[in-house]
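# Structure at a glance
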Amino acid sequence: MGSRFGASQPVYRDASTAPREGAAERDSRREDADPLDSIRKQTIDQVLSELGSSREGLASEEAGSRQQTAGKNLIESAKKRSPLLAFLSNFTHLMAVLLWVAGSIAFLAGMPELGVAVWLVNIINGVFSFWQEHRASQATEALKKMLPAYATVIRDGQEQKILAEDLVPGDVMLLAEGDKISADARVIQSSDLQVNQSTLNGESTPSRKTADAVLEEGLSAAEIPNLVFAGTSVSEGNGRAVVFRIGMATEFGKIASLTQNMEAAESPLTRELNRLTKQVTVFAMCMGIAFFLLSMLVVKEPFASSFIFALGMVVAFIPEGLLPTVTLSLAMAVQRMSTRNALVKKLDSVEALGSTSVICTDKTGTLTQNEMTVNHLWTATREYEISGVGYEPQGTIEAEGRSWRAVDDADLELLLEGGLLCGNARLAAPETEGGRWEVYGDPTEACLIVSAAKGGIDRAELEKRMPRIKELPFESRRKRMTTVHALEHPVDGARRLAFVKGAPNEVVRLSTKVRRNGKTVELDEATRTRIMAANDTYAADGLRVLAVAYRPLDGIDADADIPASLSDYDPDTIERNLTFVGLEVMMDPPRPEVAAAVAECRRAGIRIVMITGDYGLTAASIARRLKIVEGDDVSVISGFELAHMDDEELKRRLAGQVVFARMAPEQKLRVVTALQEMGEIVAVTGDGVNDAPALKKADIGVAMGITGTDVAKEAADMILTDDNFASIVAAIEEGRAVYSNIRKFLLYILNSNAPEAVPSAVYLLSGGAVPLPLTTMQILTIDLGTDMLPALGLGTEPPEDAIMDQPPRDPHERLLNRHVLVKAFLWYGLMASIAAMAGYLVVNLLNGWVPGMPLFGVGDDTDPVYIQATTMTLAGIVFAQIGQVMNCRTERTSVLKIGLFSNRRILVGIVFEVALIVFLTMFPPLQAVFHTAPLGWQDYAFLCCIPPVVFVIEEARKAWLRRRARR
Ligand code: ATP
């Protein structure tokens, strides 16, 4: 058996003889000599036979049975913090410790029920926080499952996309640019394959990988040129590799087990919330001390009762449950976004999304459908039109009033053949009648297959006649690709030919000859101009144009400087002295939903900057059609121009309307950096390997789920499952909603502090003439029970209509700003304080008090009217909070418009708080603890008036705000 290869995974020579090994046996081999040593030294055939595989991969059945023994290809996830520790941590932070101490002092001061109540607040708060954290982490886990890793393998002789966790030793993986490699494997075919191994050795320059046996000694694992490792990614080229180790046995698995216990860094939002909680806690302490001193010095209360009184204030002001509630509302927003095709990888990205002020987007596939159809062909001899839409190869090629087949025109034939051969896409016929033709691979290449078919070219026959022997893969930077073919029948006297296809100006620049009327002639300046003029006419209509050219690589016409060996072919030596054949012109219609999304961005003050690899005229035409830019004042900056532009000039141009065209992916980074330096919060889309730096640098990196490479997805903060620009806008809307929900939540929990503090202030400032209208136990009742549930409901409000009518949030703006404080304390708080104090006076009035007389309960805590009056203060606050929770749901929009009863959680919270109040006042044992008394029907009649009054007053203010905004 091939024990030499697998440190802990069995390796198979032949499935039927592969024994089922025990863990002990496998463990005993861990000490083997370097297992990589023999696999690197063997020839490809030896390796394949040792692994019981072949160039055509494994059979599915065989792979299944191997998985039974080898297990799944998984890196065991990091050890989670023990639930007990997570639970306990909710009782050991600053606020909790304060409450423990406060409770203990209450016990010492001879107020055991108060001590119990304070501790209970603390316990309920801790349990509640734990529960929310748990739900939030469940939501995050669920999210991870939505982002599975895939691998492309050959099974049953066919290319298949499988879950990376299903890879088994012996699987032959196909590796393409941008793919993440999910297992340790030996390269068996390499076409300029280069791998980024920074996850293994921290080295960011890609390593070249080859299929040859490596005999050299003294190499570290990452240095071995014929091995690729799990956790690394393909940065260029493509190839095939046979898996020899999976899961925790891979090099990455070994490192992962060492590094898994690292702590995650705190997000900015968490830091901001921690800061806020600390600030409010300090504020609460100051209030407590002030109230304590006033009580001792002004009212001359004894020390113990002054302390208890102050304690009530401290507890009232501490914002319990803030952090977990915020985390939960973020998690829920992330879940909502996932239903709108945006998968957010980290909760705190939601916040940056909400303040995004610029979206840098690419064009193809994001703004357009990436469903290409070639509708024109152009050669130096004539121009053709092609009928038919989509990938169904039905349609005709027309010119000069007749239809043409490839065989009718040698130039047309070369154009269609070159376009077809120089590509890697596949088309699959529909399985059912009337079904759609499916594309595997790049749609730009797929449409060339269709145009060739319409010209009557048989792909299988052509590939037999001109088999591919080498590929110089497409690169966004080069904007072209090349394939080399061995020919049965010579072209221009050559039996080896390179086809090049790519951006027209690139191809024309590299061409020295042109095909015209079936002959190869010199490419003169006039013809160059004609080609580029034709290109520009198409591009100005928003069409995408690709040029096709070829070059004989042997025979009498071949240049002398062509390398003798295939392995020395590279873009520099091959892509020159080309013979231009023609243009394939394709349309890629804009996505229908994008225009509305662009309009929404405009309303929301979000700028859109198109950064595309496509041609300037095509880019500008699409940008205009989608109203991304308007009017004459638009500058189109090409990658070339940008390379010669200094940062000052770039920023000046970025202040106006601009479209970036023919950009190399690396240049995106520069644009993003300039925008960030201009103070913008930037979201950037990307799909390729070279987009990764820009995606990382952006405040929100957005990768394409369908066309994006694994590398881009890894670098991004958000992945669009439909590659659609409109989904970014939807996510921004959710991001804004979350932030505004956190504010709503803060506003709500802060606003009850005012009516909790005002009664005490009245008592203190009246020097005790107004008996304390709200006792410490009653304050705790609000914090303990009635406030929390409705507040939670606010965290789940859907986005307000008007939320996309406002400019982006200033990223420097604090969560708790003056506006929120004023609104909480001086507006909502004032209304609730009036309601609470009115309740207190109503009981006095109903019981025969007339102004001028001392109020009930002065100097007598046991006076039943006094206790009933304080109960009314408590109930007054709770009922005012019913109105306030509704008021907090929107900033300006009328709550009636979004539906008074549309938030179920808030309704449940309201029912709960009313039930709790009734319960606490009805039962004598609870009455004793919470200092409450039963309320009569007149009291309830009064209470029931509070929510509508509070609500109507605020609705009137919102209506006034709306009117003012309209004006
Ligand atoms: P965007 O950047 O908006 O997605 P794009 O697809 O045009 O647009 P790139 O993928 O960087 O951007 O391509 C750059 C240019 O390279 C294209 O405009 C086209 O001219 C050329 N090109 C694109 N795909 C291929 C391909 N498969 N083979 C050869 N040339 C290609």
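Source: prediction; values computed, not measured.

### Section: the overall build of the protein
- Each helix and strand counted, the protein has 36 helices and 28 strands in total.
- If one aligns the C-alpha atoms of the protein with their principal axes, the spans along those axes are about 120 × 75 × 55 Å.
- Taken over 967 residues, the protein has a buried fraction of 55%.
- Looking at the protein alone, contacts between residues at least 24 apart form 71% of all its contacts between residues at least 6 apart.
- Looking at the protein as shown, the accessible area adds up to about 40500 Å², and 58% of this sits on carbon and sulfur atoms.
- Placing the 98 positive and 121 negative side-chain charges of the protein at their respective mean positions leaves the two points 2 Å apart.

### What to know about the side chain of Glu 445
- Within the secondary structure, Glu 445 sits in helix α15 (residues 443-454).
- For Glu 445, the side chain forms a polar contact with the main-chain nitrogen of Asn 424, separated by 2.7 Å.
- Sequence-distant contacts of Glu 445, defined by excluding residues within four places in its chain, comprise Cys 422, Gly 423, Asn 424, Ala 425, Met 481 and Lys 501.

### Concerning the site of the ligand
- The environment of the ligand is formed by 17 residues, the closest being Lys 363, Glu 445, Arg 544, Thr 612 and Gly 613.
- A distance of 2.7 Å separates an oxygen atom of the ligand from a polar atom in the side chain of Arg 544.
- Alone, the ligand offers 590 Å² of accessible surface; in the complex the protein occludes 91% of this.
- Elements with a contribution of two residues or more to the shell around the ligand: β18 (494-502) and β21 (544-552).
- Grouping the constituent residues of the shell around the ligand by class yields three nonpolar, five polar and nine charged.

### Brief notes about the domain arrangement of the protein
- Assigned domains of the protein: these are domain 1 (23-70 + 145-231), domain 2 (83-141), domain 3 (342-368 + 591-723), domain 4 (373-587) and domain 5 (741-966).
- Relative to domain 3, the C-alpha centre of domain 1 lies at a distance of 36 Å.
- A buried area of about 650 Å², summed over both sides, lies between domain 1 and domain 3, and 64% of it is on carbon and sulfur atoms.
- The interface formed by domain 1 and domain 3 holds one salt bridge in total.
- Here Lys 180 makes a salt bridge to Glu 714, at a shortest N to O gap of 3.2 Å.
- Put simply, domain 1 and domain 3 have four residue pairs in polar contact (both at pLDDT 80 or more) between them.
- A class-by-class count of the residues in the side of domain 1 that touches domain 3 yields three nonpolar, one polar and three charged.

### Brief notes about the side chain of Gln 881
- By the secondary structure assignment, Gln 881 is in helix α32 (residues 864-888).
- Those residues within four positions of Gln 881 in sequence are excluded, and the remaining contacts are Tyr 748, Asn 751, Ser 752, Asp 787 and Glu 913.

### Quick notes on the pairing of strand β20 (residues 519-522)
- Both strand β19 (residues 511-516) and β20 contribute to a ladder of four bridges, which runs antiparallel. In the strand pairing of β20, Arg 516 is matched with Lys 519.
- Linking two consecutive strands that pair antiparallel, namely β19 and β20, is a turn of two residues; a positive phi of about 50° is found at Asn 517 within it.

### Some thoughts on the pairing of strand β10 (residues 373-379)
- Burial within β10 is extensive, with seven of its seven residues counted as buried.
- Pairing of β10 with strand β22 (residues 578-587) involves six bridges; the strand directions are antiparallel. Each residue of the ladder has a partner; that of Leu 377, found in β22, is Glu 584.
- With three bridges connecting them, β10 and strand β11 (residues 383-386) associate as antiparallel partners. Bridge assignment links His 376 to a residue of β11, and that residue is Glu 385.
- A loop of three residues connects β10 with β11, the two strands running antiparallel in sequence.

### Quick look at the sheet that holds strand β28 (residues 718-720)
- An order of β8-β28-β27-β26-β9-β23-β25-β24 is seen for the eight strands of this open sheet, with the pairing classed as mixed. In the strand order of this sheet, the two ends are held by β8 (342-344) and β24 (634-638), each with one partner. When the angles between neighbouring strand axes are averaged without regard to direction, this sheet yields 20°.
- Here four bridges tie strand β26 (residues 682-686) to strand β27 (residues 700-704), and the two strands are oriented parallel to one another. Bridge pairing in β27 links Thr 685 to Val 702.

### A short note on the environment of Glu 392
- Tracing the chain through its elements places Glu 392 in the loop between β11 and β12 (397-399).
- On the accessibility criterion, Glu 392 (41% relative accessible area) is partly exposed.

### Some points on the packing of helix α6 (residues 94-108) against helix α11 (residues 303-317)
- The interhelical angle for the contact between α6 and α11, taken along N-to-C directions, is 160°, at an axis separation of 11 Å. The orientation of α6 with respect to α11, classified from their angle, is roughly antiparallel. You can see that α6 and α11 cross each other, and the crossing is left-handed. Across the interface between the two elements, Leu 99, Ala 102, Ile 105 and Ala 106 from α6 touch Phe 307, Leu 311 and Val 315 from α11.

### Quick word on the pattern of salt bridges
- Enumeration over the complete set of coordinates arrives at 48 salt bridges.
- Asp 614 is the salt-bridge partner of Lys 363, the closest N and O atoms lying 2.9 Å from each other. Taken together, the positions of Lys 363 in the loop between β9 (358-361) and β10 and Asp 614 in the loop between β23 (607-611) and α21 (616-625) put the pair 251 residues apart, joining distant regions of the chain. Taken individually, Lys 363 and Asp 614 each receive the classification buried, so the pair is uniform in this respect.
- The partner of Lys 651 in a salt bridge is Glu 677, with the nearest N and O atoms 2.7 Å apart. Separated by 26 residues along the polypeptide, Lys 651 in helix α23 (residues 647-654) and Glu 677 in helix α24 (residues 665-677) bring together distant segments of the chain.
- The structure contains a network of salt bridges with shared partners spanning Glu 475, Arg 477, Arg 478, Arg 480, Glu 506, Arg 509 and Glu 575.

### Regarding the environment of Arg 240
- Topologically, Arg 240 is positioned in strand β7 (residues 233-245).
- When its relative accessible area of 27% is taken as the criterion, Arg 240 is described as partly exposed.
- The residues contacting Arg 240, other than those within four sequence positions of it, are Arg 55, Ile 154, Val 172, Met 173, Leu 174, Arg 186, Val 187, Ile 188 and Gln 189.

### Quick notes on the packing of aromatic side chains
- Under the counting rule described, the total for this entry stands at eight aromatic pairs.
- Geometrically, the ring pair formed by Phe 87 and Phe 130 is edge-to-face, given 5.2 Å between the ring centres and 90° between the ring planes. Of this pair, Phe 87 sits in helix α5 (residues 83-89) while Phe 130 sits in helix α7 (residues 112-145), placing them 43 residues apart in sequence.
- Note on Phe 130: relative accessible area 24%, which makes it partly exposed.

Cut-off values and rules
- Residues numbered from 1 in each chain as written.
- Predicted model: local features only at pLDDT ≥ 70, side-chain atom pairs only at ≥ 80, totals over all residues.
- Heavy atoms only, no water.
- Helix = DSSP H or I, 4+ residues; strand = E, 2+ residues; numbered from the N terminus.
- Buried < 20%, exposed > 50% of the residue type's maximum accessible area, 1.4 Å probe, protein only.
- Contact = heavy atoms within 4.5 Å.
- Areas by Shrake-Rupley, 256 points an atom, 1.4 Å probe, with all protein chains shown as cover.
- Lys, Arg positive; Asp, Glu negative; His and termini not counted.
- Charge placed at Lys NZ, Arg CZ, Asp CG, Glu CD.
- Polar contact = N/O pair within 3.5 Å; in protein donor to acceptor, adjacent residues only side chain to side chain.
- Near = heavy atom within 4 Å.
- Nonpolar A, V, L, I, M, F, W, Y, C, P; charged D, E, K, R; others polar.
- Domains from an automatic or database assignment.
- Buried area = accessible area lost by both parts, 1.4 Å probe.
- Salt bridge = Lys/Arg side-chain N within 4 Å of Asp/Glu carboxyl O.
- Pairing = 2+ DSSP bridges.
- Axes fitted to C-alpha atoms, helices over the stretch in contact; angles between N-to-C directions.
- Parallel < 35°, antiparallel > 145°, perpendicular 65-115°, else oblique.
- Left-handed = near helix turned anticlockwise from the far one by under 90°.
- Phe/Tyr/Trp six-rings, centres within 6.5 Å; stacked < 30°, edge-to-face > 60°.

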